[in-house]
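Examining the three-dimensional arrangement
Residue-level listing of the chains:
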Amino acid sequence: MKSKFILALTLAGSTSLACFADGYMDGVEYYQVGQDKNAKIVLDKTLNEPTTKKAEAYYYLGCIEINRGKMADANAYFDKGIEADPTFALNYVGKGSAALRDGNKVAAKDFFKQAEGINKKDAKIKVEIARAYYDANKVTYKEEYDDYLEKAKKANKKEATIYIFEGDIFADEKDYGQSAGYYDMSLLFNAESPIAYVKYANTYFKINPTEAIAKLKEIVEKKPNSLLAQRELAEKFYENDQWTLATEEYKNVIDNPNHFPSDDERYVVLLYFAKKYDESLARAQAQLDKDPSSFLMKRMRFINAAQLEKWEDAERYAEPFFAAGSEDNLFSSNDYSTYGEVLKKLGKTDAALQAYEQAVTINPEKTEPLKELSTAYSVAAGDEQDPAKQAELYKKAAKFFQQYIDKADFSTNDMFVLAGRYNNVMASAQNAEDKEAAYKSALDAINYVLDKVPDDYRISQRKARIYLVYEGSDKKAGLAKDSYELMIKTLEAQGDKVEAGRRADALKEAYNYIASYYIANGDSATAKTYYQKMLEVDPTNEALRQYISTMK
């Protein structure tokens, strides 16, 4: 239940926001690092503020619509931008970009010329035109975007956006080392903008997470109030499995008055991964008090209660959570596995088994639920009083563990468990066919383990027990004898590495079986020597001492 799993997390917030430190420019920054949803929220919120340059805000709103494939809506924004300020050239670039997406190359060139005509020496405009060609079709328009990139360098080789664009090109080609180098170069000409820092971290993280995180720390120190920088640093800690640091940094995000409402939900999740279940549960409930429909918070309330072993609360929270499922709100195998554990702890065995079965069904490619389901069936079988039902439960326990072995990168311990599962099937089998099949499978599994781990007494002990179950009360054939003798030798070799109590129990088991074998074959003298060995291990066993004294 404690394994890491993917949660449906969104970084976009609702429209209920505080003011933004840098006004609409916060939205521009979000767009430039690829967070269109956050960008639109900020731009819409700040559009009519006195400090907003509407022509620029409309340009980025139009770019967002282009990315959504909505050319008519994009052009409407660009037209509003031109109306607000005809001298702001980027809206002509935007109309040219939309024209390219519609396949109108001639119209696009005209718009680009209008943009250049406003300020022929503005390198940034040329970079934006190059990007428009690249985004429309980087293969078809390679000559055009290369040409405008060169024009931008001739106009002003210190324009930082030139190197950010080149970094983006290498990032698209998955050449992360080169892309990070260009993002780093852009900082020579604009060291205060978080854009290059974030893009550097997003690409270089794939090569060197530590270096990427260090780069984000630089911009957080330079701009401690930058929500974008704070959130990205927290995200990188999260992606690098540094739960505690991610949680601490996200606390800064939550404390920032400009944070998005969804950041509160993200923080709840990070607290869970940092194993701060009490705080995560409390914050999840607080979010549900604000928004009772939040599917994610219903999940977090449920799984936090389960981690805190508040089984009755977890069952109560599970009901509204599972009732909230839809095409947009999908359940994970972990949801059902957790529910299965909750029900098992509450003694609701049949319902728990159904939950575990659902965990397997919902994600057949995930292997861990198969082990959990196998364990649940094995436990249920141990509690079952009806021999026929018990046999069926043990068969299912073995079946699902075998499925796990067939699909997963299993360990020798997994094979050891599998041998035990088949031994249980054999012990409870209601017919000879099931017993023979389980016997063969149990031996195959334990022989695999014995070959890999020959120096652990528990392996040969399990093999002996498999033989013991198979032969029943008739010890004359002595099927388990060789395995018990091997176990004794292994224990002698392991010496003090085996805890004294376990060592004594294992030796008594072995000596008792071997003595029984000799009794069954009429060799009382040899049997007596093994009973005496058994008495040496268990000197307080007066019943055994008395029995030995009566032997002839």
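Residues numbered from 1 in each chain as written. Predicted model: local features only at pLDDT ≥ 70, side-chain atom pairs only at ≥ 80, totals over all residues. Heavy atoms only, no water.

**What to know about the overall build of the protein**
What the protein contains, in helices and strands, is 29 helices and zero strands. Relative to the globule expectation of 24 Å for 552 residues, the C-alpha radius of gyration of the protein, 35 Å, shows a markedly less compact shape. Principal-axis analysis of the C-alpha atoms gives the protein an extent of 115 × 45 × 45 Å. With 552 residues in all, the protein has 50% of them scored as buried. By sequence separation, contacts in the protein at least 24 residues apart represent 55% of the contacts at least 6 residues apart. Just so you have it, the protein exposes about 26600 Å², and 47% of that area is on carbon and sulfur atoms. Positive and negative side-chain charges of the protein, numbering 77 and 89 respectively, have mean locations separated by a distance of 1 Å. (Helix = DSSP H or I, 4+ residues; strand = E, 2+ residues; numbered from the N terminus. Rg over C-alpha atoms; globule rule 2.2 N^0.38 Å. Buried < 20%, exposed > 50% of the residue type's maximum accessible area, 1.4 Å probe, protein only. Contact = heavy atoms within 4.5 Å. Areas by Shrake-Rupley, 256 points an atom, 1.4 Å probe, with all protein chains shown as cover. Lys, Arg positive; Asp, Glu negative; His and termini not counted. Charge placed at Lys NZ, Arg CZ, Asp CG, Glu CD.)

**Observations concerning the pattern of salt bridges**
The full count for this structure, using the stated rule, is 31 salt bridges. Two residues, K199 and D168, come together in a salt bridge whose shortest N-O distance is 3.2 Å. Here the residue K199 occupies a position in helix 11 (residues 194-204), and D168 occupies one in helix 9 (residues 160-172), the gap between them amounting to 31 residues. Just as K199 is buried, D168 falls in that class too. Bridged by salt links that share partners, the residues R131, D168 and K199 form one connected network. (Salt bridge = Lys/Arg side-chain N within 4 Å of Asp/Glu carboxyl O.)

**Details of the packing of aromatic side chains**
Aromatic rings in a pair are described by how distant their centres are and how their planes are angled relative to each other. Counted by the stated rule, this structure contains 39 aromatic pairs. Judged by centre distance (5.0 Å) and plane angle (40 degrees), the rings of F322 and Y339 are tilted. One end of the pair, F322, is in helix 18 (residues 311-323); the other, Y339, is in helix 19 (residues 333-345), with 17 residues separating them in the sequence. In this structure an aromatic cluster arises from ring pairing among F295, F302, F321, F322, F331, Y336 and Y339. Residue placement shows K151 over the ring face of Y148; its charged tip is 4.4 Å from the ring centre. (Phe/Tyr/Trp six-rings, centres within 6.5 Å; stacked < 30°, edge-to-face > 60°. Lys NZ or Arg CZ within 6 Å of the ring centre and 35° of its normal.)

**A few points about the environment of W243**
Relative to the elements of secondary structure, W243 occurs in helix 14 (residues 243-255). With 54 residues separating them in the primary sequence, W243 and M297 have C-alpha atoms 19 Å apart.

**So, unusual backbone geometry**
The backbone of K174 sits at a positive phi, close to 60 degrees, despite the residue not being glycine. Counting through the fold element by element, K174 comes out in the loop between helix 9 and helix 10 (176-186).

**With respect to the nonpolar core**
Grouped together as the largest cluster of nonpolar side chains are 115 residues, with contacts concentrated most on F112, M300 and F302. Contacts of F112, omitting those with residues within four sequence positions, involve V93, G96, S97, L100, I129, A132, Y133 and Y148. Judged by nonpolar contacts, the second largest core, of 64 residues, contains A408, M415, A442 and Y517. (Core = buried A, V, L, I, M, F, W, Y, C linked by side-chain atoms within 4.5 Å.)

**Looking at the side chain of N91**
Relative to the helices and strands, N91 resides in helix 5 (residues 90-101). For N91, a relative accessible area of 0% translates into the label buried. Dropping the residues within four chain positions of it, N91 is found in contact with A55, Y58, Y59, Y77, F78, G81 and I82.

**A closer look at helix 23 (residues 412-428)**
Here helix 23 is 17 residues long and its end C-alpha atoms lie 25 Å apart, about the 24 Å a rise of 1.5 Å per residue gives. Counting buried residues in helix 23 gives 12 out of 17 residues, a clear majority hidden from the surface. Within helix 23, burial applies to D414, M415, F416, L418, A419, G420, R421, Y422, N423, V425, M426 and S428. In this structure, the buried residues of helix 23 make contact with helix 21 (368-383), helix 22 (387-407), helix 24 (432-452) and helix 25 (457-471). (Expected span 1.5 Å × (residues − 1).)

**Re the side chain of N423**
Secondary-structure assignment places N423 in helix 23. Not counting the four nearest positions on each side in its chain, N423 is found in contact with A442, R465, I466 and V469.

**Points about the confidence of the model for the protein**
Where the model shows low pLDDT, its predicted coordinates should not be examined in detail. Residues at a pLDDT of 70 or more form 95% of the protein, whose mean pLDDT is 91. pLDDT under 50 marks residues 1-19. Its contacts with residues more than four places away, or in other chains, come to 55 contacts. (pLDDT = per-residue confidence, 0-100.)

**Comments concerning the packing of helix 16 (residues 277-290) against helix 17 (residues 295-307)**
Axis separation between helix 16 and helix 17 bottoms out at 9 Å; the angle between their running directions is 150 degrees. It follows from the interaxial angle that helix 16 and helix 17 lie roughly antiparallel. When the axes of helix 16 and helix 17 are compared, the crossing they make is left-handed. Where helix 16 abuts helix 17, its residues Y277, S280, L281, A284, Q285, Q287 and L288 lie against M297, K298, M300, R301, N304 and Q307. (Axes fitted to C-alpha atoms, helices over the stretch in contact; angles between N-to-C directions. Parallel < 35°, antiparallel > 145°, perpendicular 65-115°, else oblique. Left-handed = near helix turned anticlockwise from the far one by under 90°.)

**Some words on the packing of helix 18 against helix 19**
For the pair helix 18 and helix 19, the least separation of the axes is 9 Å and the interaxial angle reads 140 degrees. Relative to helix 19, the element helix 18 is oriented oblique. With respect to the hand of their crossing, helix 18 and helix 19 are arranged in left-handed fashion. Facing helix 18, whose interface residues are W311, A314, E315, A318, F321 and F322, helix 19 presents D335, Y336, Y339, E341, V342, L343 and K345.

**Regarding a nonpolar patch on the surface**
A grouping of M185, L188 and F189 is seen on the molecular surface, where their side chains present a nonpolar patch of about 290 Å² in accessible area. The class for L188 is exposed, based on a relative accessible area of 67%. (Patch = residues over 30% accessible without salt bridge, like charges linked within 9 Å, V, L, I, M, F, W, Y side chains within 5 Å.)

**Some thoughts on helix 8 (residues 142-155)**
Because an α-helix packs 3.6 residues into every turn, residues spaced three or four apart end up facing the same way. In this model, helix 8 (14 residues) spans 20 Å end to end at C-alpha, consistent with the 20 Å of a helix rising 1.5 Å per residue. Buried within helix 8 are the following residues: E144, Y145, Y148, L149 and A152. For helix 8, the angular spread of buried residues about the axis comes to 135 degrees, placing them on one side. Seen from the buried face of helix 8, the exposed residues on the opposite side, beyond 90 degrees, are E143 and K154. Where helix 8 is buried, its residues contact helix 6 (105-118), helix 7 (123-136) and helix 9. (Arc of directions from axis to C-beta.)

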